[in-house]
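# Analysis of the macromolecular model
Now for the letters of each chain:
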Amino acid sequence: MVALAANLVIAVAKAVGGVIAGSPALLSEAAHSVADSLNEVFLLAALRRSRRPADTRHPFGYGKERFFWSLLAAVGIFVMGGCFSFFQGVEALRNGADEEFSGYVVGLAVLGVALIAEGVSLMRALHQVRAQGGGLAGLRDPALRTVVAEDATAVLGVTLALVGMALHMVTGQVVWEASASLAIGVLLVYVAYRLGRDARDQLIGEAADPELSGRIRALLRAQPEIDSVEGLFTMKMGLDSMLVAARIDLVPGLDSERVEEVSVRIKRSLTHTFPDADQIFLDVTDRPAGQAHESPAATGERGGA
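Quick look at the structure, then. (Residues numbered from 1 in each chain as written. Predicted model: local features only at pLDDT ≥ 70, side-chain atom pairs only at ≥ 80, totals over all residues. Heavy atoms only, no water.)

## Some words on the sheet that holds strand β2 (residues 241-250)
- One open sheet accounts for 3 strands, arranged β1-β2-β3; its pairing is mixed. The open sheet terminates on both sides in strands that have one partner only, identified here as β1 (226-238) and β3 (279-284). Across the sheet, the mean angle separating the axes of adjacent strands is 15° when strand polarity is ignored.
- In this sheet, β2 lies alongside β1 in antiparallel orientation, the contact comprising 10 bridges. Residue pairing for β2: Leu232 is matched across the bridge by Ala246.
- Each of β1 and β2 is contacted by helix α8 (residues 210-221), which is oriented at about 145° to β1, the strand it contacts most.
- Against the sheet, helix α9 (residues 256-273) makes contact with β1, β2 and β3, and its axis sits at roughly 145° relative to β3, the strand it touches most. (Pairing = 2+ DSSP bridges. Helix = DSSP H or I, 4+ residues; strand = E, 2+ residues; numbered from the N terminus. Axes fitted to C-alpha atoms, helices over the stretch in contact; angles between N-to-C directions. Contact = heavy atoms within 4.5 Å.)

Okay, structure coming up:
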């Protein structure tokens, strides 16, 4: 909400200042802020829609809504911000830009205010990251990660626009401001690519990180009734939701009632140790006959025979 409010005010100020000053860099930054404002709306929709409970049509819930809307936000940054910035930079190089001293003053003042506002929004976002654990743990929420990326990019983009406009004013060469606009475009395209790639990976079914998968596998192997873990599959279903499917081979001699008791206990243990693992499936299977003699139970390593 802080980012949305800041971007709306800044977008209007940059657009008005860019028209008055005739500044390509300032207009590029206006397009950047418009894209950011639209993206905040996308992210607010993601937060609201992803909290809906599971139903018959979506039995695993709506957690992936966050990833979908984050992907749209990345597309918005690319199209509305990056492409428009490239257009403004190329147009300035081709046709030049006539600016008066008063235009420079207006443009630099607007950019100065924008830098302060974007900095405040970035500090608020970083504070929220620290409150959620800091580092990569604090950035696991795609909505918050997008806000941080947008605000950091906005601060850098405004700085580039300030430098470009100041050099244009000092030298009288529009190439400086056009170059700043092109640099803003490159920056936005890169950020959009990174955010879009992350959202794509999560949408198509990203597994849990290797360290977490290793801990889950270790917990399963530590169960006395499990002879071996033949396969482990994980997938992030949302911010705090994860699917865990394991193909396990049990020690010989367990009857059906005992297998059921063991399965329930193992699931409870996984849920207690890994609260995000709210969808757990255990597939009891046999090892291929040729490998059976090498199993821990067959060799007596876990007391089996």
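## Focus: the pattern of salt bridges
- Counting across every chain of the model gives 11 salt bridges.
- In this structure, the salt-bridge partner of Arg145 is Asp198, at a minimum N-O distance of 4.0 Å. With Arg145 in helix α6 (residues 142-171) and Asp198 in helix α7 (residues 174-203), this pair connects stretches of sequence that are 53 residues apart.
- Taking relative accessible area as the criterion, Arg145 reaches 17% and is therefore assigned buried.
- The salt bridge partner of Arg215 is Glu211, with a shortest N-O separation of 3.9 Å. In this pair, Arg215 and Glu211 are both assigned in helix α8, 4 residues apart and thus about one turn of the helix distant.
- If you follow the salt bridges from partner to partner, you end up with Glu225, Arg258, Glu261 and Arg265 in one network. (Salt bridge = Lys/Arg side-chain N within 4 Å of Asp/Glu carboxyl O. Buried < 20%, exposed > 50% of the residue type's maximum accessible area, 1.4 Å probe, protein only.)

## Some words on the packing of aromatic side chains
- Going through the model one piece at a time under the given rule, you end up with 3 aromatic pairs.
- Geometrically, the ring pair formed by Phe60 and Phe281 is edge-to-face, given 6.5 Å between the ring centres and 70° between the ring planes. Highlighted residues: Phe60 in the loop between α2 (24-50) and α3 (65-95) and Phe281 in strand β3, separated in sequence by 221 residues.
- Phe60 gets classed as partly exposed once you look at its relative accessible area, which sits at 34%.
- The exposure class of Phe281 is partly exposed, given its relative accessible area of 41%.
- An aromatic cluster of three or more residues is present, and its members are Phe42, Phe68 and Trp69.
- The cationic tip of Arg52 hangs over the ring face of Tyr62; the distance from NZ or CZ to the ring centre is 3.8 Å. (Phe/Tyr/Trp six-rings, centres within 6.5 Å; stacked < 30°, edge-to-face > 60°. Lys NZ or Arg CZ within 6 Å of the ring centre and 35° of its normal.)

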